[in-house]
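Examining the three-dimensional arrangement
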Amino acid sequence: QQPVQSPQAVILREGEDAVINCSSSKALYSVHWYRQKHGEAPVFLMILLKGGEQKGHDKISASFNEKKQQSSLYLTASQLSYSGTYFCGPNSGYALNFGKGTSLLVTP
Amino acid sequence: KAGVTQTPRYLIKTRGQQVTLSCSPISGHRSVSWYQQTPGQGLQFLFEYFSETQRNKGNFPGRFSGRQFSNSRSEMNVSTLELGDSALYLCASSSPGALAEYNEQFFGPGTRLTVL
């Protein structure tokens with residue numbers, strides 16, 4: 001079953017912050033986050049593992065609540081380059097199961 | 001290091017035909033995953049192979065199948081194509097000897113399949 005992301009779409013002005021949420025109906029072992037720009041392949045942002053370990057880029061932050069089976073991606077001081085579709089991929093011991101994504105547009 | 005490559009990049013087929021897509025992972029990567037991307041359903045997991053064995057499979061009909069060769073290259077086959085199979089098919093490879101779900105996946109550019 002696919003995770004549920006919210007919001008589905010968001011428009012920001014450069015410099016503003018945004019939070020993208022991801023919720024799964026299954027118990028999670030880890031959560032992946034990827035960003036896909038139009039016409040390009042998805043690119044890795046971060047992995048959050050049970051126990052609090054994180055692997056990813058320094059400028060991106062995220063949280064993982066194992067009990068609630070939720071994860072959130074925090075984008076601060078957004079830049080034009082942040083525009084794209086963000087996918088979370090929860091791993092419930094089965095493999096990654098991405099959802100429909102959140103479309104983010106940062107305007108000047 | 002060369003990235004993940006997929007061939008062909010574009011394909012046009014008619015209903016009822018079958019198609020084979022190819023994916024070459026990053027050198028040294030032994031795990032290859034396949035995904036179907038459509039505007040309506042987003043990015044959906046098809047299957048994952050590691051060392052020539054299918055480890056995980058998504059919720060797709062049996063018309064979708066795959067295999068992996070000893071050099072880690074992978075192919076995906078769709079038989080009896082339907083209009084709804086039109087999509088971008090992405091493959092991704094991940095670090096050697098690692099579980100795909102615990103490690104960064106590197107995606108290829110995808111194959112755009114159009115079924116008429």
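The structure we're discussing is the one just above.
Below you will find a few notes about this structure. (Residues numbered from 1 in each chain as written. Chains lettered and ligands numbered in written order. Predicted model: local features only at pLDDT ≥ 70, side-chain atom pairs only at ≥ 80, totals over all residues. Heavy atoms only, no water.)

1. Let's talk about the overall build of chain B
Counting its regular elements, chain B contains zero helices and eleven strands. Along the chain direction, N to C, the helices and strands of chain B fall in the order β-β-β-β-β-β-β-β-β-β-β. Over its C-alpha trace chain B gives a radius of gyration of 13 Å, about what one expects of a compact globule, namely 13 Å for 116 residues. Across its three principal axes, chain B shows a C-alpha extent of roughly 40 × 25 × 25 Å. Expressed as a percentage of the 116 residues in chain B, the buried residues total 52%. Taking contacts inside chain B between residues at least 6 apart in sequence as the whole, the part at least 24 apart equals 56%. For chain B, the accessible area works out to roughly 5,200 Å², and carbon and sulfur atoms hold 49% of it. (Helix = DSSP H or I, 4+ residues; strand = E, 2+ residues; numbered from the N terminus. Rg over C-alpha atoms; globule rule 2.2 N^0.38 Å. Buried < 20%, exposed > 50% of the residue type's maximum accessible area, 1.4 Å probe, protein only. Contact = heavy atoms within 4.5 Å. Areas by Shrake-Rupley, 256 points an atom, 1.4 Å probe, with all protein chains shown as cover.)

2. Points about the side chain of Glu75(B)
Residue and element names in this part refer to chain B. Within the element layout of this structure, Glu-75 appears in strand S8 (residues 74-78). Classification of Glu-75 by relative accessible area gives buried; the value is 15%. Apart from the residues lying within four places of it in its own chain, the contact partners of Glu-75 are Thr-20, Leu-21, Ser-22, Trp-34, Ser-65, Gly-66, Arg-67 and Phe-69.

3. Brief notes about the interface of chain B and chain A
Between chain B and chain A, the contact holds 22 residues from the first and 21 residues from the second. Together, the buried faces of chain B and chain A total about 1,700 Å²; carbon and sulfur atoms form 53% of this surface. Taken together, the connections running from chain B to chain A amount to zero salt bridges. With four residues, the top contributor of residues to the side of chain B that touches chain A is strand S5 (residues 42-50) of chain B. Partitioned by chemical class, the residues of the side of chain B that touches chain A number eight nonpolar, eleven polar and three charged. (Buried area = accessible area lost by both parts, 1.4 Å probe. Salt bridge = Lys/Arg side-chain N within 4 Å of Asp/Glu carboxyl O. Nonpolar A, V, L, I, M, F, W, Y, C, P; charged D, E, K, R; others polar.)

4. Quick notes on the state of the cysteines
Applying the stated rule across the entire model yields two disulfides over all chains. Each disulfide pairs two cysteine sulfurs, and for Cys22(A) the partner residue is Cys88(A), the sulfurs being separated by 1.9 Å. Given an S-S torsion of about 65 degrees, the disulfide between Cys22(A) and Cys88(A) has right-handed geometry. Placement of Cys22(A) in strand S3 (residues 18-23) and of Cys88(A) in strand S9 (residues 84-91) is noted, with a sequence separation of 66 residues between them. The class of Cys88(A) is buried, set by a relative accessible area of 0%. Each disulfide pairs two cysteine sulfurs, and for Cys23(B) the partner residue is Cys91(B), the sulfurs being separated by 1.8 Å. Given an S-S torsion of about 70 degrees, the disulfide between Cys23(B) and Cys91(B) has right-handed geometry. Of the two residues, Cys23(B) is situated in strand S3 (residues 19-24) and Cys91(B) in strand S9 (residues 87-94); the sequence distance between them amounts to 68 residues. In terms of burial, Cys23(B) and Cys91(B) fall into one category: buried. (Disulfide = S-S within 2.5 Å.)

5. Some points on unusual backbone geometry
With an omega of -5 degrees, the peptide bond running from Ser6(A) to Pro7(A) counts as cis. In the segment running from Thr7(B) into Pro8(B), the intervening peptide bond is cis, with an omega of -10 degrees. Note on placement: Pro8(B) falls in the loop between strand S1 (5-7) and strand S2 (10-13). At Ser51(B), a residue that is not glycine, the phi angle is positive and equals roughly 50 degrees. Tracing the chain through its elements places Ser51(B) in the loop between S5 and strand S6 (53-57). For Ser51(B), a relative accessible area of 32% puts it in the partly exposed group. If you check the backbone angles, Thr80(B) has positive phi at about 45 degrees while not being a glycine. With respect to the helices and strands, Thr80(B) occurs in the loop between S8 and S9.

6. Considerations on the sheet that holds strand S8 (residues 70-75) of chain A
All names here are of chain A. Strand order in the open sheet made by the four strands is S1-S3-S8-S7, with antiparallel pairing throughout. In the strand order of this sheet, the two ends are held by strand S1 (4-6) and strand S7 (61-65), each with one partner. Taking the axes of each pair of neighbouring strands and ignoring which way they run, one obtains an average angle of 15 degrees across the sheet. Strand direction decides the pairing type here: S7 and S8, joined by five bridges, are antiparallel. Bridge assignment links Asn-65 to a residue of S8, and that residue is Gln-70. (Pairing = 2+ DSSP bridges. Axes fitted to C-alpha atoms, helices over the stretch in contact; angles between N-to-C directions.)

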